[in-house]
Amino acid sequence: MTAHMPEPDPISVRPSSFSHLVIQTPQFKDMVAWYKTVLGAKAMFENPVVCFMTYDEEHHRVMIGSNPNAKPRDKNAAGVVHFAYSFANLGYLVDAYERLRDQAITPHNCIDHGFTTSFYYLDPDENEVELAVDNFPTREEMNTWFATGAFDRNFVGVPVDPEFVAKRHREGVPAAQIHRETYAK
């Protein structure tokens, strides 16, 4: 069965956007610092037990609350697997990767899923955070790719080397060419 990007429901029956994420943690200071760094976020309100932060026009995108009694999640428990944040273009993803790498924050996994290129990080509580970019500039181009059956054959994607992606981008190679190179490996 070939996947494709469905047309969204009418505006009247769907939310206008995803608003925010709330995380409780026993590592409040480390988590706040990590999310501020990774997302380039600023605190809208912060005290010793709660931090509301944003990286755009929304009043808060992430709220972190201190809970000294919070226990690590069982890796096999049902629930959220990761949180994903998208970048407008590959250059911005590469900029984020290099900025974070230079601060000793490195992805634990990087995958070209075909329709996106994704770098996966672990926060101090080991929640997985995906930083990604769409590999196709339009829905039509993405649907054309899905129609090839490539996603049917490999819905996970292929591992990518973020240093290779960054190097090729810095050499001026177009994002579409970098995607073709990484996905073909």
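Figured I'd write up the structure that's included with this text. (Residues numbered from 1 in each chain as written. Predicted model: local features only at pLDDT ≥ 70, side-chain atom pairs only at ≥ 80, totals over all residues. Heavy atoms only, no water.)

1. With respect to the side chain of H179
Thinking step 1. Its location among the elements puts H179 in helix α6 (residues 175-184).
Thinking step 2. A polar contact of 2.7 Å, which involves the side chain of H179, links it to the side chain of D112.
Thinking step 3. Among the polar contacts listed, one links the side chain of H179 to the backbone oxygen of G114, at a separation of 3.4 Å.
Thinking step 4. Ignoring sequence-local partners within four residues, the contact set of H179 consists of D112, G114, N135 and F136. (Helix = DSSP H or I, 4+ residues; strand = E, 2+ residues; numbered from the N terminus. Polar contact = N/O pair within 3.5 Å; in protein donor to acceptor, adjacent residues only side chain to side chain. Contact = heavy atoms within 4.5 Å.)

2. What about the packing of aromatic side chains?
Aromatic ring pairs are reported here in terms of the distance separating the ring centres and the angle at which the planes meet.
Thinking step 1. All told, the structure shown has twelve aromatic pairs when counted by the stated rule.
Thinking step 2. Ring centres 5.7 Å apart and planes at 75 degrees place the aromatic pair Y97 and F119 in the edge-to-face group. Placement of Y97 in helix α2 (residues 90-101) and of F119 in strand β7 (residues 116-122) is noted, with a sequence separation of 22 residues between them. Across the pair, F119 and Y97 agree in class, each one buried.
Thinking step 3. One aromatic cluster in this structure is built from F115, F136, W145, F146, F151 and Y183. (Phe/Tyr/Trp six-rings, centres within 6.5 Å; stacked < 30°, edge-to-face > 60°. Buried < 20%, exposed > 50% of the residue type's maximum accessible area, 1.4 Å probe, protein only.)

3. Some details on the environment of F18
Thinking step 1. Note on placement: F18 falls in the segment before β1 (21-25).
Thinking step 2. Its relative accessible area of 64% is what places F18 among the exposed residues.

4. Concerning α6
Thinking step 1. Every buried residue of α6 is listed here: I178, H179, E181, T182 and Y183.
Thinking step 2. Where the residues of α6 are buried, they touch α2, β6 (109-112), α3 (139-147), α4 (150-153), β9 (158-159) and α5 (162-170).

5. So, the pairing of β1
Where a strand is regular, its side chains alternate between the two sheet faces.
Thinking step 1. Burial along β1 is one-sided: the residues L21, I23 and T25 are buried and none of V22 and Q24 is.
Thinking step 2. Relative to strand β4 (residues 62-66), β1 runs parallel, the two being bridged by five bridges. Looking at β4, one finds that V22 is bridged to M63. (Pairing = 2+ DSSP bridges.)

6. Examining the packing of α2 against α5
Thinking step 1. Between α2 and α5, the shortest axis-to-axis distance is 10 Å and the interhelical angle comes to 125 degrees. On the basis of the axis angle, α2 is oblique to α5. For the pair α2 and α5, the crossing hand works out as left-handed. Contacts between α2 and α5 involve L90, G91, V94, D95, Y97, E98 and R101 on the former and, on the latter, P162, E163, V165, A166, H169 and R170.
Thinking step 2. Looking at the contact of α2 with α5 residue by residue, the classes come out as six nonpolar, two polar and five charged. (Axes fitted to C-alpha atoms, helices over the stretch in contact; angles between N-to-C directions. Parallel < 35°, antiparallel > 145°, perpendicular 65-115°, else oblique. Left-handed = near helix turned anticlockwise from the far one by under 90°. Nonpolar A, V, L, I, M, F, W, Y, C, P; charged D, E, K, R; others polar.)

Keep in mind these numbers describe shape, not what the thing actually does.
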